[in-house]
Amino acid sequence: MARSLMLDAIDRSEEGGQWDLIIRAGKGWFDLHLRDLWRYRDLISLFVKRDFATFYKQTAFGPLWYIIHPLFTTVVFTVIFGKVARISTDGVPPFLFYLAGNVSWSYFANCLNETSNTFVKNAAIFGKAYFPRLTVPISVIIINLAKFGIQLILFLGFYVYFIAAGSSVRPTFLILLLPVLILQMAVLSLGTGILISSFTTKYRDMIYVMTFIVQLWMYASSVVIPASLIPERYRPIYMLNPMASVIELFRCAFLGQGVVNAVYVGISWAVTLVALFGGIILFSRVEKSFMDTV
Amino acid sequence: MPRTVIKVDGLSKQYRYGVIGHGTLYKDIESWWARLRGKEDPNVRITEHVGPGLDGEWFWALRDVSFEVQQGEVLGIIGRNGAGKSTLLKILSRVTTPTKGVAKIKGRIASLLEIGTGFHPELTGQENIYLNGAILGMTKAEIRSKFDEIVDFSGLEKFIDTPIKRYSSGMYVRLAFAVAAYLEPEILFVDEVLAVGDVEFQKKCLGKMEDVAKEGRTILFVSHNMAAIRSLCRRTILLDKGELLMDSATNEAVAYYLGQNLVEGAVASKADIEQRMEGKINRRNPSVRFRRIALLDQNGVPKNSFDSDKDIIVSITFECLRAVRNLHVMVSVVDENNFPILFTQNVDDSTITTNFYQLDRGVYDASCILPGNTFGGRRFFLTVCLVNLKTEHVTVKKILEFEVKFQGYNNSYGESGDVFFRPRLKWMMRPVDGERLSIHQR
């Protein structure tokens, strides 16, 4: 028995040594070929360059759109939720409160919307060439960082203006965690996006459901209603939504107000990582056979 | 000893006709709910109830295909549309997965299922070279080191900073092929990408492929262009309805495939002939080429079926692309196994003088008459050859098929005459003196 196992192992190692690539029918759950992804890193950067260049060439106003969108939404929120509905903003000027929420939310939402389209949008290329499919959603996450950067500058502009005008908002040491927050949004949107994109290969409905889900998700993510308004009892459930914690942290970092708690941050990261691994596993399962169904 | 670099074992791919799933979540849930309650699935197609099994909806695009490829070998893959050629390459390129079987590959692969994959119209030629190169598996550094050669090969130096949406389709193809040409993998899969661009460029691409093959790389080459297959591959596999029908020397596989693939009707056009021509052919500098081969009856009407008592006219139109010193037009009649039955050539005829085999540039017509009352009642095939002595031998094997219907002679009623020849020959009968009685007594 032991001998045969040993022979088996030798057999396998020989096989592994002789062949660089073995194509077989099985759909392994953990066959993620992340090493391939590293080999194709140049492709990721070229996808980023492509999207950047084409965006500039195709739109008249270019990056101006990135400013118009959150600004417009923030003005609407300020009027409707701030002035009409009078929802509490934890003592922070409503405009700044909603702008902070919108800017961080829009990075997540843009990434999610674009990555969830991966298979359907790239079916033509995917059908004609092999490269790790994950390069596409990853490049989307990166290109959106540029948009986020522009919007962050917009936010900082108003932020400085409000402080200069005598507002009581102050940054906290949490501002040092900004890169971690951005990383978490990137990871979460990548994970959720590829998870959904895997479903869209089978169910086209998902594309329409997505826009709807993203809308609802926003209202459950502290963009409009601060977590402090959620009753204490329900807060752990509310905080299962990783974006709620991210946005609270973001506000707390810049505006000094927000529900921040190590347990909630831990929960939020746990959910984020589950989404990422679930997404990658499902994605790499689908990427092998989706050409037959799309 | 040559090393096996590709080993394909029992590779199969099953596809499903029509819709896979119902495409919408609602209907899938509806079906699932119905099954759960033990009711009939409302979304099942009628055929599934009637048919003997669910298998009717499935078909094998590839079935139990096995072969090996040695390092440095250029393997041709031929077959009709839908034979599974592209499916095979797609599986080996990892665009899709097999349903059964294993393929093992040793070495760095590049796969050209199309050229210009991922080209973006808004990007410049240069940007697209990088993008396309990376999609095909090159790193930026590799592309950078070959960039000048790629641009040079494409011949688009002046337009390299122009967005390719302003390119003509010809320029687009040239750029796309140039990138592909400088891939330097150990194993290359090519699917019918030479079928684009003008003739001049196709020749250039074919030349490049030949160079690559000479460098000892392994190539799997799918094409409908038999001339290209012949000039590139020594060994060819023939697929038919997903199965491996033949794995042999290129000439054999191609001949078999073309034999399967006779030109229908009694006239072979220039395109038909060019796809099937073989022999000693100079592609870069052609001297003689067929224009048309036809089987005609006495009235000049194209026909595939002749009465045995009527003449069959083999009409051959050819072109001399330059002055030719010693030209022979040859016609063979062969059987279904390619066994030669009859051979004839224009210079046999003493009335054809030197004037007719020293030809100027131009188009000529040659015809020969296969006289009536010669053949038996069966099927025959026509092989034609155009020889420019010491320069080119252009052969088209089994290009046309014809049938002879034996009409019978005086007293041969009902005989099918299924022999190669059933000519009306001269017979002599005479009595032998003094033996008449003994014949009668027997």
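Everything numeric in this text was worked out from a predicted model, so none of it was measured.

The rules behind each value
Residues numbered from 1 in each chain as written. Chains lettered and ligands numbered in written order. Predicted model: local features only at pLDDT ≥ 70, side-chain atom pairs only at ≥ 80, totals over all residues. Helix = DSSP H or I, 4+ residues; strand = E, 2+ residues; numbered from the N terminus. Buried ≥ 20, exposed ≤ 12 C-beta atoms within 10 Å, placed from the backbone. Contact = placed C-beta atoms within 7 Å. Pairing = 2+ DSSP bridges. Axes fitted to C-alpha atoms, helices over the stretch in contact; angles between N-to-C directions. Parallel < 35°, antiparallel > 145°, perpendicular 65-115°, else oblique. Left-handed = near helix turned anticlockwise from the far one by under 90°. Nonpolar A, V, L, I, M, F, W, Y, C, P; charged D, E, K, R; others polar.

### Thoughts on the overall build of chain B
In terms of helices and strands, chain B carries 11 helices and 19 strands. Burial status across chain B gives 35% buried among its 442 residues. The long-range fraction of contacts in chain B, counting pairs at least 24 apart against all pairs at least 6 apart in sequence, stands at 72%.

### So, the sheet that holds strand β17 (residues 362-370) of chain B
Within a sheet, adjacent strands bond to each other through the backbone by hydrogen bonds, running parallel or antiparallel. Residues and elements named next belong to chain B. The sheet built from four strands is open, its strands ordered β10-β12-β14-β17 with antiparallel pairing. With partners counted over all chains shown, the strands left at the sheet margins are β10 (267-268) and β17, one partner each. As paired elements, strand β12 (residues 288-296) and strand β14 (residues 312-320) share eight bridges and run antiparallel to each other. Directly across from Phe 290, in β14, lies its bridge partner Phe 318.

### So, unusual backbone geometry
Residue and element names in this part refer to chain B. Backbone geometry places Lys 241, a non-glycine residue, at a positive phi of 50°. Here Lys 241 falls in the partly exposed class, since 15 other C-beta atoms lie within 10 Å of it. The phi dihedral of Lys 398 falls on the positive side, at around 45°, and the residue is not glycine. The class of Lys 398 is buried, set by 23 C-beta atoms lying within 10 Å.

### Notes on the environment of B:Gln298
Residue and element names in this part refer to chain B. In this fold, Gln 298 is placed in the loop between β12 and β13 (305-307). In this structure Gln 298 comes out as exposed when scored by C-beta crowding, with 12 C-beta atoms within 10 Å. Taking C-alpha positions, Gln 298 is 59 Å from His 120, a pair spaced 178 residues apart along the chain.

### Examining the packing of helix α9 (residues 178-200) of chain A against helix α12 (residues 242-255) of chain A
Residues and elements named next belong to chain A. One can describe the packing of α9 onto α12 by two numbers: an axis separation of 10 Å at closest approach and a directional angle of 160°. The angle between α9 and α12 falls in the class roughly antiparallel. Two packed elements cross with a definite hand, and for α9 against α12 that hand is left-handed. Facing Leu 178, Leu 181, Gln 184, Met 185 and Leu 188 of α9, the residues of α12 in contact are Pro 242, Val 246, Leu 249, Phe 250 and Ala 253.

### Quick notes on the environment of B:Arg361
All names here are of chain B. Mapped onto the secondary structure, Arg 361 falls in the loop between β16 (340-345) and β17. Given 11 C-beta atoms within a 10 Å radius, Arg 361 is considered exposed. In sequence terms Arg 361 and Ile 6 are 355 residues apart; their C-alpha atoms lie 48 Å from each other. Sequence-distant contacts of Arg 361, that is, excluding residues within four places in its chain, are made with Cys 320, Leu 321, Arg 322 and Ala 323.

### Quick notes on the interface of chain A and chain B
Contacts between chain A and chain B engage 31 residues on the former and 40 residues on the latter. Residue assignment for the side of chain A that touches chain B shows that the elements contributing at least two residues are β1 (21-24), α3 (41-58) and α13 (262-289) of chain A. Residue contributions to the side of chain A that touches chain B peak at eight residues, all from α3(A). Of the residues contributing to the side of chain A that touches chain B, the split by class is 14 nonpolar, six polar and 11 charged. Relative to strand β4 (residues 100-105) of chain B, β1(A) runs antiparallel, the two being bridged by four bridges. Along β4(B), the bridge assignment pairs A:Arg24 with B:Val102.

### Details of the pairing of strand β19 (residues 392-405) of chain B
Residue and element names in this part refer to chain B. As judged from the three bridges shared by strand β11 (residues 278-280) and β19, these two strands associate in the antiparallel manner. When the bridges of β19 are listed, Glu 278 appears paired with Thr 395. Both β13 and β19 contribute to a ladder of three bridges, which runs parallel. The residue bridging Ser 305 from the neighbouring strand is Glu 403, located in β19. Pairing between strand β18 (residues 379-388) and β19: nine bridges, direction antiparallel.

### Considerations on the sheet that holds β4(B)
Spatial strand order, β1(A)-β4(B)-β1(B)-β2(B): four strands in an open sheet with antiparallel pairing. The open sheet terminates on both sides in strands that have one partner only, identified here as β1 of chain A together with β2 (58-70) of chain B. Ignoring strand direction, the axes of neighbouring strands in this sheet form an average angle of 15°. When strand β1 (residues 4-16) of chain B meets β2(B), the two strands line up antiparallel, connected through nine bridges. The residue bridging B:Ile6 from the neighbouring strand is B:Val69, located in β2(B).

### Topic: the pairing of β12(B)
Sheet analysis places β10(B) next to β12(B), joined by two bridges and oriented antiparallel. Bridging across to β12(B), B:Ala268 finds its partner in B:Ile293.

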